[in-house]
Amino acid sequence: TILNFAGYPSIEEFKKNHKYMSYMFKKVKNDSSFIQTYNDGIHWIEYLIKEQDTKKLKVCVEKDGKHRYFRPYAKEIKTDDKVLYLIAFDEITNEYVKIKELEQMSSTDSLTKLFNRNKLNDVLEKEIALSRTISSPLCIVFLDIDHFKKVNDTHGHLVGDSLLKGISKILPQHLRKNDVAARFGGEEFLVVLPETD
């Protein structure tokens with residue numbers, strides 16, 4: 001089944017492109033539940049056996065240009081002279097994508113696609129706690145569009161919405177990787193700049 005999924009007729013052909021099966025596992029940014037060949041310095045099979053009952057571990061594999069997601073399970077089988085592992089991969093792509101879409105919707109402002117106020121509160125809480133813990137500066141920038149009501153009154157709400165969308169595209173282009181921009185409400189935006197005085 002694995003060979004069919006990966007598109008190889010034999011293990012020999014598979015090994016020409018992948019030394020180990022775990023080399024097919026893709027890294028998923030900002031999510032430690034996705035396993036790699038080594039996790040916290042532990043080989044993935046050992047890590048899976050150790051953590052599968054306490055963590056919802058996942059694997060991401062790319063097939064035909066699309067990411068597919070699986071939940072792996074491992075069982076140790078002891079024979080007379082060696083230990084073998086039976087590993088099953090249950091596909092969870094549909095469920096995972098749906099959950100991610102819901103998370104995105106609940107944390108994103110529908111008009112600007114920036115973080116919304118709820119997500120901003122989470123970000124601020126974490127960044128303030130981190131800033132205090134490591135005694136690092138934290139800067140919060142409040143932005144407000146001047147005369148926005150006049151734009152809406154004169155040109156209509158569609159133009160006002162277009163202005164908000166335009167600013168929401170410009171903001172991220174001028175931020176560093178760990179900076180966060182969010183729509184605070186109405187024509188107000190807030191930018192969180194960690195390690196900045």
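Below is a short write-up of the structure. The structure presented is a predicted model; accordingly, all values stated were derived computationally and were not measured. (Residues numbered from 1 in each chain as written. Predicted model: local features only at pLDDT ≥ 70, side-chain atom pairs only at ≥ 80, totals over all residues. Heavy atoms only, no water.)

Looking now at helix H5 (residues 117-133). With 17 residues, H5 should reach 24 Å at 1.5 Å per residue; the first-to-last C-alpha distance of 24 Å fits that figure. Close packing links the buried residues of H5 with strand E6 (138-144), strand E7 (180-185) and strand E8 (188-194). Two residues or fewer past H5, Ser 135 is found with a positive phi of approximately 50°. (Helix = DSSP H or I, 4+ residues; strand = E, 2+ residues; numbered from the N terminus. Expected span 1.5 Å × (residues − 1). Contact = heavy atoms within 4.5 Å.)

Moving on: the pairing of strand E5 (residues 83-91). Here 9 bridges tie strand E4 (residues 66-78) to E5, and the two strands are oriented antiparallel to one another. By the bridge assignment, Tyr 73 is partnered in E5 with Ala 88. (Pairing = 2+ DSSP bridges.)

Quick look at the environment of Glu 76 now. Relative to the assigned elements, Glu 76 resides in strand E4. If we skip the residues at most four places from it in the chain, Glu 76 touches Ile 49, Val 83, Leu 84 and Tyr 85.

In this structure, Lys 113 is a non-glycine residue whose phi angle is positive, near 65°. Classification of Lys 113 as exposed rests on a relative accessible area of 59%. Positive phi values are uncommon outside glycine, yet His 147 reaches one of about 60°. If you trace the backbone, His 147 turns up in the loop between E6 and helix H6 (148-155). (Buried < 20%, exposed > 50% of the residue type's maximum accessible area, 1.4 Å probe, protein only.)

A sheet is described by the order of its strands in space; here 3 strands give the open sequence E3-E4-E5, paired in antiparallel fashion. Where the open sheet ends on each side, the last strands, each with one partner, are strand E3 (59-63) and E5. Looking at each pair of strands side by side, their axes are set apart by 40° on average, direction ignored. Bridge count between E3 and E4: 5 bridges; the pairing is antiparallel. Bridge pairing in E4 places Val 59 opposite Phe 70. On the sheet, helix H3 (residues 44-51) packs against E4 and E5 and is oriented at approximately 75° with respect to E5. Each of E4 and E5 touches helix H4 (residues 93-107); the most contacted strand, E4, lies at about 125° to it. (Axes fitted to C-alpha atoms, helices over the stretch in contact; angles between N-to-C directions.)

A surface patch of nonpolar side chains, about 250 Å² in accessible area, is lined by Ile 77, Leu 84 and Leu 86. Mapped onto the fold, Leu 86 is located in strand E5. The class of Leu 86 is exposed, set by a relative accessible area of 52%. (Patch = residues over 30% accessible without salt bridge, like charges linked within 9 Å, V, L, I, M, F, W, Y side chains within 5 Å. Areas by Shrake-Rupley, 256 points an atom, 1.4 Å probe, with all protein chains shown as cover. Salt bridge = Lys/Arg side-chain N within 4 Å of Asp/Glu carboxyl O.)

Moving on to the environment of Pro 172. Examined against the element boundaries, Pro 172 turns out to sit in helix H7 (residues 157-173). With a relative accessible area of 41%, Pro 172 lands in the partly exposed category. Separated by 19 residues in sequence, Pro 172 and Val 191 place their C-alpha atoms 9.6 Å apart.

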